[in-house]
Amino acid sequence: EPEDLTDKEAVKAGIMLEPVVAKWFEEETGKRVTRRGTLQSIDHPYMLANIDRTVIGENAGLEIKTAGGWAAKLWEGDEVPDAYYCQCLHYMAVTGADRWYIAALIGGQHFLWKVIERNEQDIQYLIEQEAKFWDYVKTNTPPPIDASEACGQALAYRYRNADAGSVMDLPSEAGTILQRL
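Computed from a predicted model, the values in this text were never measured in an experiment.

## Things to note about the overall build of the protein
And then number 1: Each helix and strand in the protein was counted, giving five helices and seven strands.
And then number 2: Radius of gyration (C-alpha) of the protein: 21 Å, far over the 16 Å computed for a compact globule of 181 residues.
And then number 3: The principal-axis extents of the C-alpha atoms in the protein amount to approximately 65 × 35 × 30 Å.
And then number 4: Within the protein, the fraction of its 181 residues that count as buried is 28%.

## Digging into the sheet that holds strand β7 (residues 110-117)
And then number 1: Strand order in the open sheet formed by five strands is β1-β4-β5-β6-β7, with mixed pairing between adjacent strands. The outermost strands of the open sheet, each flanked by one partner alone, are β1 (33-35) and β7. The sheet shows a mean angle of 30° between the axes of neighbouring strands, taken without regard to direction.
And then number 2: Pairing of β1 with strand β4 (residues 53-55), which is carried by three bridges, proceeds in the antiparallel orientation. Considered in β4, the bridge of arginine 35 is made with arginine 53.
And then number 3: Set on the sheet, helix α1 (residues 9-29) makes contact with β1, β4, β5 (60-67), β6 (99-106) and β7; between it and β5 the angle comes to about 125°.
And then number 4: Contacts from helix α2 (residues 82-95) reach β5, β6 and β7, with the element oriented near 145° to β6.

## A closer look at α2
And then number 1: With 14 residues, α2 should reach 20 Å at 1.5 Å per residue; the first-to-last C-alpha distance of 20 Å fits that figure.
And then number 2: Among the residues making up α2, those that are buried are Cys88, Leu89, His90, Tyr91, Met92, Ala93 and Val94.
And then number 3: On its buried side, α2 packs onto β2 (38-40), β3 (48-50), β5, β6, β7 and α3 (120-138).
And then number 4: Positive backbone phi, approximately 80°, marks glycine 96, located one or two places after α2.

## Structural notes on the packing of α2 against α3
And then number 1: Running from N to C, α2 and α3 cross one another at 90°; their axes reach a closest spacing of 9 Å. Taken together, the axes of α2 and α3 lie roughly perpendicular to each other. Residues Tyr85, Cys86, Leu89, His90, Met92 and Ala93 of α2 form the contact with α3, whose participating residues are Asp122, Ile123, Leu126, Ile127 and Glu130.
And then number 2: Looking at the contact of α2 with α3 residue by residue, the classes come out as eight nonpolar, one polar and two charged.

## Quick look at the pairing of β5
And then number 1: Across the eight residues that make up β5, a large majority, six, are buried.
And then number 2: Of the strand pairs in this sheet, β4 and β5 are connected by three bridges, and their pairing is antiparallel. Considered in β5, the bridge of valine 55 is made with alanine 60.
And then number 3: The antiparallel pairing of β4 with β5 creates a hairpin that spans four residues between the two strands, and glycine 57 there sits at a positive phi of about 85°.
And then number 4: Taken together, the eight bridges between β5 and β6 define a ladder with parallel strand orientation. Counted as the bridge partner of lysine 65 is alanine 104 from β6.
And then number 5: Crossover β5 to β6 through α2 is right-handed.

Rules of the game
Residues numbered from 1 in each chain as written. Predicted model: local features only at pLDDT ≥ 70, side-chain atom pairs only at ≥ 80, totals over all residues. Heavy atoms only, no water. Helix = DSSP H or I, 4+ residues; strand = E, 2+ residues; numbered from the N terminus. Rg over C-alpha atoms; globule rule 2.2 N^0.38 Å. Buried < 20%, exposed > 50% of the residue type's maximum accessible area, 1.4 Å probe, protein only. Pairing = 2+ DSSP bridges. Axes fitted to C-alpha atoms, helices over the stretch in contact; angles between N-to-C directions. Contact = heavy atoms within 4.5 Å. Expected span 1.5 Å × (residues − 1). Parallel < 35°, antiparallel > 145°, perpendicular 65-115°, else oblique. Nonpolar A, V, L, I, M, F, W, Y, C, P; charged D, E, K, R; others polar. Right-handed = clockwise from strand over helix to strand, strands pointing away.

Function cannot be inferred from these measures alone, as they are strictly geometric.
So this is what it looks like as structure tokens:
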């Protein structure tokens, strides 16, 4: 079960500050935005997007972020944190938008906004990866193990009741597999 984040101060702040950041974006850019909710891809029904705002008069959306001051270096220059870049690509894949704006309030007082133009090559790659993941979900197959933090957390959760000092005999084919690796 995922951790319940509803009582976390950072989550509460993000929810409370979202309208403020949206208004700030409007004032800085002269663009008008309207609230949206969850949308579903027609071509890929397993792809959902819970978008913050759409930009009126453009085929575009707006993602709103708040972060602590420590995150400022992640936004320097043209940089957008990778996870947010992928999130905006996903939203473009679902909606067909030409671009996605992202507005952030860093440390409670530094406002910035950036635009991510549609990148069809990146979007197609993302759709392929999401389709592979959805196949794992449909077939109840765990995805392959990798070195990601998420994978480590999933394994730690799956084996949370294991005895850390226990020993296990590996099957005979394990030696061959280990040698290949």
